[in-house]
Structure formats: C-alpha cells, structure tokens
Amino acid sequence: MATIFTKIVNGEIPCYKIAEDDRFFAFLDINPMTKGHTLVIPKTEKDYIFDLDEATYSALMLFAKKVAHAIEKAIPCKRIGVAVIGLEVPHAHVHLIPINQESDMNFKNPKLKLSVEEMNEIAEHIRQKIG
Ligand code: AMP
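Keep in mind that what you see is a predicted model, and the values were worked out from it rather than measured.

Re the site of the ligand
- Looking at the ligand, there are 16 residues lining it, with Asp-29, Gly-86, Glu-88, His-93 and His-95 nearest.
- One of the backbone nitrogen or oxygen atoms of Gly-86 is found 3.0 Å away from an oxygen atom of the ligand.
- For the ligand, an oxygen atom lies 2.9 Å from a polar atom in the backbone of Glu-88.
- Coverage of the ligand by the protein chains reaches 88% of its 510 Å² of free accessible surface.

The structure is reproduced here in structure tokens:
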C-alpha cells in the first residue's frame, strides 16, 4: 500500500508544495515545529533513510540543501536545522526546520497551529526563493 507521502507525490492527498524534480519532492510539514518546517522526500518508497542507495541518498541531501537555502531566504531565522526521525511515516524524509535556538529542534514542543492562508503564504514565499 502506498505511503501517505507517495499519495502526496501522486496528488491524491493535498499538500503545501515547495519543490519537485523527477526524483524528489518537498512540502510543508502539516504540524510545523516552526514556520517554514519542510519535509524533503525521495519519490521512491523506502522506509529507512539509511537504506537508500548511495546515489539517491546523496542526491536527496543535495536537493534538501537547495530547499534549505530557499527557506532561510524566505523565513527569518538563524539556521535551518536538519533532522531525520521517521518513526511516524515509513517513507524516508528529511525535516528542514528554521531555528533560532536549540530548543526549536525539540520534537516534544507543541506544534504551531497555522491557518491554510498562512501555510499557503509561507509555501509561496519559499517557492519564490528557489533558484
Ligand atoms: P516522523 O516520521 O516521526 O519524522 O514524523 C512524520 C512527520 O510527517 C511529522 O512531522 C508530521 O507532522 C508530518 N506529516 C504527517 N502527515 C503529513 C501530511 N499529510 N502532510 C505534511 N506533513 C505530514
């Protein structure tokens, strides 16, 4: 059965899309830790990120780098934090999280509640910064 992220890639479930190429896809996390929290995934379904073949893993990280630079241009922050958890959705994904302090990376923090309009606006800002 397709993962929820594959359904997003296939357009069966809506998302706030940030970027896409033939192999990778980036979209806003629906429960953001901070504004601009983005997930980057390979289109191929693989649960554990370290089970990706080397070429896909490397290319995923390079794609994430491009997205991270766009996020930091769009969202005021000190850095883009990077995390891989993967306990909830069995489809490899990299969290890119705009942070100002270490505690912004604490996954136990309450998630932001943003309106559809705010999420659309954030996604649009980031998309505009992708070179
Ligand atoms: P984890 O697998 O532990 O890295 O967590 C999965 C992440 O995916 C969480 O941060 C969720 O908020 C996020 N997530 C789950 N479903 C969706 C969705 N439909 N759209 C965007 N993000 C999602």
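Moving on, there is more to tell.
Observations concerning the UniProt feature "domain: HIT" (unreviewed entry) in the protein chain
- Taking the numbering used here, the UniProt-annotated feature "domain: HIT" (unreviewed entry) corresponds to residues 4-107.
- The distance separating the terminal C-alpha atoms of residues 4-107 is 20 Å; by composition the span is 26% helix and 24% strand.

Observations concerning helix α3 (residues 116-129)
- For α3, built from 14 residues, the straight-helix expectation of 20 Å at 1.5 Å per residue is met to within 8% by its first-to-last C-alpha distance of 20 Å.
- Looking at α3, one finds that the buried residues are Met-119, Ile-122, Ala-123 and Ile-126. Each buried residue of α3 sits inside an arc of 95° when the element is viewed along its axis, so together they form one side. In α3, the exposed residues that point more than 90 degrees away from the buried face are Glu-117, Glu-121 and Gln-128.
- The inward-facing, buried residues of α3 abut β1 (17-20), β2 (24-28), β3 (38-42) and α2 (54-74).

Considering the environment of Tyr-57
- Mapping Tyr-57 onto the fold places it in helix α2.
- Residues Tyr-57 and Asn-109 lie 52 residues apart in sequence; the distance between their C-alpha atoms is 28 Å.
- Setting aside anything within four residues of it in sequence, one finds Tyr-57 in contact with Ile-49, Phe-50 and Leu-52.

Structural notes on α2
- Compared with the 30 Å implied by 1.5 Å per residue over 21 residues, the 30 Å span of α2 between its first and last C-alpha is a close match.
- Those residues of α2 that are buried are in contact with β1, β2, β3, β4 (79-83), β5 (94-99) and α3.
- Two or three places before Ala-55, at the start of α2, stands the capping residue Asp-53, its side-chain oxygen 3.1 Å from that residue's backbone nitrogen.

Rules behind the numbers
- Each residue is numbered by its place in its chain's sequence as written, counting from 1.
- Whole-chain, interface and lining totals are the exception, using all residues; otherwise, since this is a predicted model, local features are given only for residues with pLDDT of at least 70 and side-chain atom pairs are given and counted only at 80 or more.
- Computation of side-chain values: all heavy atoms of the structure, hydrogens and water removed.
- When at least one non-hydrogen atom of a residue lies within 4 Å of a molecule or strand, that residue is treated as near it.
- Here a polar contact is recorded for every N or O atom pair within 3.5 Å, except that within protein the pair must consist of a potential hydrogen donor and a potential acceptor, and residues adjacent in sequence are included only if both atoms are side-chain atoms.
- Only the protein chains shown count as covering a residue, and every accessible area follows the Shrake-Rupley method with a 1.4 Å probe.
- UniProt positions are given in the numbering used here, feature names are shortened, and annotations may be inferred rather than shown by experiment.
- Secondary structure follows DSSP: runs of H or I at least 4 residues long count as helices, runs of E at least 2 residues long count as strands, and numbering of each begins at the N terminus.
- Given a helix with a known number of residues, its expected span is that number minus one, times 1.5 Å.
- Per-residue accessibility, obtained with a 1.4 Å probe over protein chains only, is compared with the maximum for each type, and a residue is labelled buried under 20%, exposed over 50%, and partly exposed between these values.
- When we speak of the arc, we mean the arc of directions from the helix axis to the C-beta atoms.
- Residue contacts follow a heavy-atom distance rule, with two residues in contact if any of their heavy atoms lie within 4.5 Å.

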